[in-house]
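# Analysis of the macromolecular model
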Amino acid sequence: MNASIFWSDSRQLSRPVDIMVSPLGQHEFEDALEFNGISYHIAVSNVAKIVNTESNIETRVESGNITFTEFMRHDEINAYLDQLAVNYPEIVTKEVIGRSFEGRELILLRISSGGSQKPTIFAEAAIHAREWIAPPVALYTINQLVENPENAGFYQDIDWAIIPVLNPDGYEYTHTTDRFWRKTRTPGTICHGVDGNRNFDARWRETGASAWQCDNTYTGHRVFSEPETQAIRNYILSHIEDIKLFLDIHSFGRWLLYPYGYITDDPDNVDELRTLGQLFNDAVYSVNGENYTVVSFANGLYYAAGTSVDWVKEQGIDLAYTLELPRGGTGVRPSSRRYSAGRPRDVGRF
Ligand SMILES: [Zn+2]
C-alpha cells in the first residue's frame, strides 16, 4: 500500500473507493486485491498525463474576460468578477465577505434586479481545492445570468449570491504545488489544512471525519476554525431570512445530495427535496442525457459530519443540496479497461 493515495474515503462496507497507486506498486497492489477477492477496475491508467494536459496552458485569458476552455487562476476569476461589477452596476454587486488564511479575498457576487429582502439562491464552489470543475460551473451560472439577456427573467423576483472560489488558498496551491490538495492552507503542528466541509457546527467530528490533522477529512481543532467557513457562516446568518436555497458545488460523481450527512434519517421535508431534485435532474437530462442520483448524503455516499449542507438545514434553510459534478477538474472518466465485475464507479469526492 506504499505510495497509494485514497481519493475517496468510503466509510461503509461494500462501497467502492478510488485509490491512486504509483506505477512501481501497481502489480503488487493488484495482486493483493485479487488475492483477497476484491473486484476492481482501472478508471484512469495515467493520472500524470491528464494532470500535465490540464496544467499545460500556454495562453492566458485576457484580464477581465471569461473562458470555459481552460481552468482559470484565482486572480483571473476575480478580474472577471470585477469587470462584471463595472459593466453591469445595475444588477451586479461584488462583496468581499472575508479573507482566506493567506489573505486572499473571498468574493461573493450578488445578482439582483434591485429591492431588498428578496428570496435568494446561495451557491458556493471549491471549498475543496482540487475540484476544479466547480468554479467554472459557478462562473458559467454567473455568466449566463448577467451577460445573456435572455436570462434576465431569472433574477427579477429572486436574487442570486454566488461564491465561485471559497477556498482560494487551496485552489492556488493545486495550481502551483499539489494538484490533489483538498483542504484549506492553515498551518498545523505537523500538517497543513482543514477540510472546510467537515468544519461546520453540525454534529461536528461525530462521524465521517477525522481528528487527525494530516487526514484529508480533518475537522479542524474546533468548529468554524477556518476564516473561509467563518465567512460563509457570518454571511448566511446575516441573510438567513432571505436565503431559500443553498447549493454547495463539488466533484465528482453525478449526485444531488440533500441532508443529512451525519445520519441516515431523512429530513422533515424530504419529499420537497426529492421533488425539486428530480426537476433538476430532468432539466439536466433534457440537455445531455445524463442522470443524477437524488438522495441524502449519508444514504448516497457515506456518513459525514460537520458539512455545510447539514448546518444550513439546521439553520432553517430547507432547500439545501450538495452537488457532485461528473468528471471533475482532472477530467477523470472511467475508461473501458475493466478487469473484473466491479460496479460502475461514480464515487463523489464530496
Ligand atoms: Zn468536495
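It should be emphasised that the depicted structure is a prediction, and the values quoted were computed from it without experimental measurement.

Along the chain, Glu76 turns up in helix H3 (residues 74-87). Assessed through its relative accessible area of 12%, Glu76 is described here as buried. Apart from residues lying up to four places away in sequence, Glu76 is in contact with Arg60 and Val61.

Tallied over the full model, the rule gives one disulfide. Here Cys191 pairs with Cys214 through a disulfide, and the sulfurs are 1.9 Å apart. Disulfide Cys191-Cys214: torsion about the S-S bond near 90°, hence right-handed. With Cys191 in the loop between helix H5 (168-176) and helix H6 (227-238) and Cys214 in the loop between H5 and H6, the pair connects residues that are 23 residues apart, well separated along the chain.

The end-to-end C-alpha distance of H3 is 20 Å, a good match for the 20 Å that 14 residues give at a rise of 1.5 Å each. Buried residues of H3: His74, Glu76, Ile77, Asn78, Ala79, Tyr80, Leu81 and Leu84, and no others.

Right, let's get into the pattern of salt bridges. Within this structure, the stated rule accounts for 16 salt bridges. Between Asp159 and Lys118 there is a salt bridge, with the nearest N and O atoms lying 3.9 Å from each other. Here Asp159, found in strand S6 (residues 159-163), pairs with Lys118, found in the loop between strand S4 (105-111) and strand S5 (120-125); they are 41 residues apart in sequence, far enough to count as distant. In this structure Asp159 comes out as buried when scored by relative accessible area, which is 4%. One salt-bridge network, held together by shared partners, links Asp82, Lys94, Arg99 and Glu105.

This part covers the environment of Asn36. Take Asn36: it is sitting in the loop between helix H1 (26-35) and helix H2 (47-55). Of the residues examined, Asn36 reaches a relative accessible area of 53% and is grouped as exposed. Here the side chain of Asn36 touches Ala32 through a polar contact of 2.7 Å, landing on its backbone oxygen.

A separate point is the UniProt feature "active site" (unreviewed entry) in the protein. Per the UniProt entry, the sites bearing "active site" (unreviewed entry) are Glu324 in this numbering. Position of Glu324 relative to the elements: it lies in strand S10 (residues 319-325). Its relative accessible area of 0% is what places Glu324 among the buried residues. One polar contact links the side chain of Glu324 to the main-chain amide nitrogen of Ser251, over a distance of 3.4 Å.

One open sheet holds the eight strands; their spatial order is S3-S4-S6-S5-S7-S10-S8-S9, and the pairing between them is mixed. Here the strands that pair on one side only, and so sit at the sheet edges, are strand S3 (92-99) and strand S9 (293-296). In this sheet, adjacent strand axes meet at a mean angle of 20° when their direction is disregarded. As judged from the four bridges shared by strand S8 (residues 255-258) and S9, these two strands associate in the parallel manner. For Tyr258, the partnering residue across the bridge sits in S9 and is Ser296.

Along an α-helix, residues three or four positions apart point the same way, because every turn accommodates 3.6 residues. With 14 residues, helix H4 (residues 134-147) should reach 20 Å at 1.5 Å per residue; the first-to-last C-alpha distance of 20 Å fits that figure. Looking only at H4, the buried set comprises Ala134, Pro135, Pro136, Ala138, Leu139, Ile142, Asn143, Leu145 and Val146.

Here we come to unusual backbone geometry. With an omega dihedral of 5°, the bond running from Ser251 to Phe252 counts as a cis peptide bond. Here Phe252 is to be found in the loop between strand S7 (243-251) and S8. Each neighbour pair has its own omega, and for Pro259 with Tyr260 the value is 10°, a cis peptide bond. Tracing the backbone through its elements, the reader meets Tyr260 in the loop between S8 and helix H7 (270-288). Unlike most non-glycine residues, Gln117 shows phi in positive territory, near 55°. Looking at the secondary structure, you find Gln117 in the loop between S4 and S5. Not every positive phi belongs to a glycine, and Arg205 is a case in point at roughly 65°. Tracing the sequence through the fold places Arg205 in the loop between H5 and H6.

Counting buried positions along S10 yields seven of seven residues, so the element is predominantly enclosed. The side-chain alternation of S10 yields two buried faces, one formed by Leu319, Tyr321, Leu323 and Leu325 and the other by Ala320, Thr322 and Glu324. Two strands pair when backbone bridges link them, and S7 and S10 are joined in this way by seven bridges, in the parallel orientation. Bridge pairing links His250 to Glu324 in S10. Inspection of the sheet shows S8 paired to S10 by three bridges, in the antiparallel sense. Residue pairing in the sheet places Leu257 in a bridge with Thr322 of S10.

Cut-offs used in this document
Residues numbered from 1 in each chain as written. Predicted model: local features only at pLDDT ≥ 70, side-chain atom pairs only at ≥ 80, totals over all residues. Heavy atoms only, no water. Helix = DSSP H or I, 4+ residues; strand = E, 2+ residues; numbered from the N terminus. Buried < 20%, exposed > 50% of the residue type's maximum accessible area, 1.4 Å probe, protein only. Contact = heavy atoms within 4.5 Å. Disulfide = S-S within 2.5 Å. Expected span 1.5 Å × (residues − 1). Salt bridge = Lys/Arg side-chain N within 4 Å of Asp/Glu carboxyl O. Polar contact = N/O pair within 3.5 Å; in protein donor to acceptor, adjacent residues only side chain to side chain. UniProt positions renumbered as here; feature names shortened; annotations may be inferred. Pairing = 2+ DSSP bridges. Axes fitted to C-alpha atoms, helices over the stretch in contact; angles between N-to-C directions.

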